[in-house]
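Coordinate inspection notes
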Amino acid sequence: MNEYLTREIWKMRKNIVTTPGTPVVSLNEVKKGIFQLLFTSCGCNNACSFCNYGFDYHLTLEMVKPELQKIKLEDYNINVLQLESNGSFLSEREIPYDLFIEALKFVSHRGIQEIEIETHYTTITEKKLQVIREILGWEQEIYFELGFESSAEDVRAIYNKDIDIDEFLKTAELCKKYNIGILVNVLLGAPFLTREEQIQDVLDSLDFIFKNMPEGTMCVLFPINIKENTMLKHWQDIGVYDQISSWEFVELLYRIPEKYLDKISIAWFGTRENTFTKGISQFPKTCNKCRDKLIDFYVNFYTHLDSNYRKKILENIWKTRCTCDK
């Protein structure tokens, strides 16, 4: 990581405080049947330029367990459950080991079709994979969601994202050994790149991922959201960066080869907020005339995985591109 960026980003995070009454753990519905079990941890140990994960307190099992027991998972129709913290769920700095074990036991054998765990690739060890399978069982469908952002080292440098590609690939193979799938996060909207360069960076990243990572790997595409207390927000404030157009995200999806369309998902396109992001994100830009149409399109794309169907709705939406993007 860049020393200057890291130092400045950590200064910004010192301005972040929790809103009084923020729960230490909460269950949030992301979309129908998809829920997020969020542990409001102390924040990520890394310093990405787009991220503002960070608070001042540390979770303990004694602090969280009483609140966790108040959540009745059986009261909800949960198909997918995402285990998340303010950074990496497998980081013992954020989620102490005894709390990690308690959380796994809490969600185990609940009839949940799929469990997703968001974490940094360096927090994944064979011991933890063994424990996860021991508690959740070998029949449970499990995915790790891992930040990757870009296959290009110079773009990751802008994000202040420190990744050893060879180690990332080894981790992916280790997960495969335990029949745990990978969801790889890729960002659209890198600062200091043109729109065309931003789109091409994502297309190149997808090509790299699907050619080099285990079969069955999925990608989650994120258009950048500008959040308070981030380097992106600082760059916006001094006039060297601005939020991307939502139509740029549509153009990216339109240009993705059809053979990859059933291997991707999308996130943070303008509807999602949770306990610690409410009201502090700038979503991709739209005008009042096209916003509802775009949100309907994104939800339709998100909920239908068939490549042919996705290609058809992409062709239709691109033909009706709003004048705000021309």
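Structural data are supplied above this passage.
All residue numbers here refer to positions counted from 1 along the written sequence of the relevant chain. For a predicted model such as this one, the threshold for reporting local features is a pLDDT of at least 70, and the threshold for listing and counting side-chain atom pairs is 80 or more; totals across whole chains, interfaces and linings nevertheless cover every residue. As a rule here, side-chain values cover all heavy atoms of the structure and leave hydrogens and water aside.

Observations regarding helix H6 (residues 165–177)
Only DSSP runs of H or I covering at least 4 residues are called helices, and only runs of E covering at least 2 are called strands; the numbering of each starts at the N terminus. Expected span of a helix, by definition, is 1.5 Å for each gap between consecutive residues, and there is one gap fewer than residues. Between the first and last C-alpha of H6 there are 19 Å, a value that for 13 residues agrees with the 18 Å anticipated at 1.5 Å per step. Its side-chain oxygen at 3.1 Å from the backbone nitrogen of Asp166, Asp164 defines the N-terminal cap of H6. Asn179 sits one or two residues past H6 and shows a positive phi near 55°. Under this definition, polar contacts are N or O atom pairs within 3.5 Å; protein pairs additionally need one hydrogen-donor-capable and one acceptor-capable atom, and for neighbouring residues in sequence, both atoms have to be side-chain atoms.

Some words on the sheet that holds strand E9 (residues 264–266)
Here, strands pair whenever DSSP counts at least two bridges between them. Taken together, eight strands build an open sheet; the order of strands is E1-E2-E3-E4-E5-E6-E7-E9 and the sheet is mixed. What marks the edges here is a single partner per strand, and that holds for strand E1 (25–31) and E9. For this sheet, the mean inter-axis angle between neighbouring strands, taken without regard to orientation, is 25°. In terms of strand pairing, strand E2 (residues 34–39) meets strand E3 (residues 80–85) through six bridges, oriented parallel. Opposite Leu38, over in E3, you have Glu84 as the bridge partner. Contacts from helix H10 (residues 291–303) reach E1, E2 and E9 within the one sheet, and its direction differs from that of E9 by about 145°. The axes are straight lines fitted to the C-alpha atoms, using for helices just the contacting stretch, and the angles between their N-to-C directions are given from 0 to 180°. Only heavy atoms matter for contacts: two residues are in contact if any of them lie within 4.5 Å across the pair.

A few points about a nonpolar patch on the surface
Where nonpolar side chains cluster on the molecular surface, the patch consists of Phe192, Ile238 and Val240 and spans about 290 Å² of accessible area. Tracing the backbone shows Phe192 in the loop between strand E6 (181–188) and helix H7 (195–212). Patch membership requires more than 30% relative accessible area and the absence of a salt bridge. Residues of like charge join within 9 Å; the nonpolar side chains Val, Leu, Ile, Met, Phe, Trp and Tyr join within 5 Å. Here the open area of atoms and residues is found with the Shrake-Rupley method and a 1.4 Å probe, where only the protein chains shown may cover a residue. The salt bridge definition used is simple: a Lys or Arg side-chain nitrogen within 4 Å of an Asp or Glu carboxyl oxygen.

Describing the packing of helix H2 (residues 61–68) against helix H3 (residues 97–107)
Their axes nearest at 10 Å, the elements H2 and H3 cross at an angle of 15°. If you check the angle between H2 and H3, you find them roughly parallel. The two elements H2 and H3 meet at a crossing, and its hand is right-handed. Two secondary-structure elements touch here, H2 through Leu61, Val64, Lys65 and Leu68 and H3 through Asp98, Leu99, Glu102 and Phe106. Residue polarity is assigned by list, with Asp, Glu, Lys and Arg as charged and Ala, Val, Leu, Ile, Met, Phe, Trp, Tyr, Cys and Pro as nonpolar; anything else, Gly included, falls into the polar class. A per-class count over the contact of H2 with H3 returns five nonpolar, no polar and three charged. To sort the angles, those under 35 degrees are grouped as roughly parallel, those over 145 as roughly antiparallel, those from 65 to 115 as roughly perpendicular, and the leftovers as oblique. Left-handed describes a crossing whose near helix is turned anticlockwise from the far helix by less than a right angle; the clockwise case is right-handed.

Focus: the packing of aromatic side chains
A pair of Phe, Tyr and Trp rings is counted when the ring centres sit within 6.5 Å of each other, with Trp represented by its six-membered ring. The angle between the planes then sorts it: under 30 degrees is stacked, over 60 is edge-to-face, the rest tilted. Per the stated rule, a full pass over the model turns up 16 aromatic pairs. Here the aromatic rings of Phe210 and Tyr260 are separated by 4.7 Å at their centres, their planes lie at 40°, and the arrangement is tilted. In this pair, Phe210 is assigned in helix H7 and Tyr260 in the loop between helix H9 (246–255) and E9, connecting sequence segments 50 residues apart. Taken together through their ring pairs, the aromatic side chains of Phe249, Phe269, Phe297, Tyr298 and Phe301 make up a single cluster. Ring-over charges, as used throughout, are those where CZ of Arg or NZ of Lys falls within 6 Å of the ring centre and within 35 degrees of the ring normal. Above the ring of Trp10, the side-chain terminus of Arg13 is found at 5.0 Å from the ring centroid. Across from the ring centre of Phe301, 4.0 Å away, lies the NZ or CZ of Arg310, which sits over that ring.

A closer look at the pattern of salt bridges
Applying the stated criterion across every chain, the model contains 15 salt bridges. A salt bridge links Arg110 to Glu74, with the shortest nitrogen-to-oxygen separation between them at 3.2 Å. On the criterion of sequence distance, the pair formed by Arg110 in the loop between H3 and strand E4 (114–118) and Glu74 in the loop between H2 and E3 is long-range, its members being 36 residues apart. For the salt bridge of Arg255 with Glu251, the shortest nitrogen-to-oxygen distance reads 3.3 Å.

Describing the side chain of Asn225
Secondary-structure assignment places Asn225 in the loop between strand E7 (218–223) and strand E8 (226–227). Its relative accessible area of 7% is what places Asn225 among the buried residues. There is a polar contact of 3.0 Å between the side chain of Asn225 and the backbone oxygen of Pro223. Of the polar contacts made by the side chain of Asn225, one reaches the backbone oxygen of Trp268; its length is 3.1 Å. In this structure Asn225 touches Phe50, Leu232, Gln243, Trp268, Ser281, Gln282, Phe283 and Pro284, once residues within four positions along its chain are discounted. Type-normalised accessible area, obtained with a 1.4 Å probe on protein chains alone, sets the label of each residue: buried when under 20%, exposed when over 50%, and partly exposed for intermediate values.

Looking at H9
Within H9, eight of the 10 residues are buried, which leaves it mostly tucked inside the rest of the structure. Where H9 is concerned, the buried positions are Ser246, Trp247, Glu248, Phe249, Val250, Glu251, Leu252 and Leu253. Buried residues along H9 sit against E6, H7, E7, E9, H10 and helix H11 (307–319). Measuring from the backbone nitrogen of Trp247 back to the side-chain oxygen at the start of H9 gives 3.0 Å, which picks out Ser245 as the cap.

A short note on the pairing of E6
The element E6 is extensively covered by neighbouring structure, given that eight of its eight residues are classed as buried. Side chains of E6 alternate between two faces, with Gly181, Leu183, Asn185 and Leu187 and Ile182, Val184, Val186 and Leu188 buried alike. When the strands point away from the viewer, a crossover counts as right-handed if the path from the first strand over the helix to the second runs clockwise. Remark: the E6/H7/E7 crossover connection has right-handed handedness.

Observations regarding the side chain of Glu84
Relative to the elements of secondary structure, Glu84 occurs in strand E3. Look at Glu84 and you get buried, because its relative accessible area is 6%. At 3.2 Å, the side chain of Glu84 and the side chain of Gln36 are in polar contact.

Re the pairing of E2
Every regular strand shows the same layout, with side chains that alternate between the two sheet faces. Of all the six residues making up E2, six are buried; the element is thus mostly covered by neighbouring parts of the structure. Burial along E2 is two-sided: the residues Ile34, Gln36 and Leu38 and Phe35, Leu37 and Phe39 are all buried. In sequence, E1 turns back onto E2 through a hairpin of two residues, with Gly33 there showing a positive phi of about 85°.

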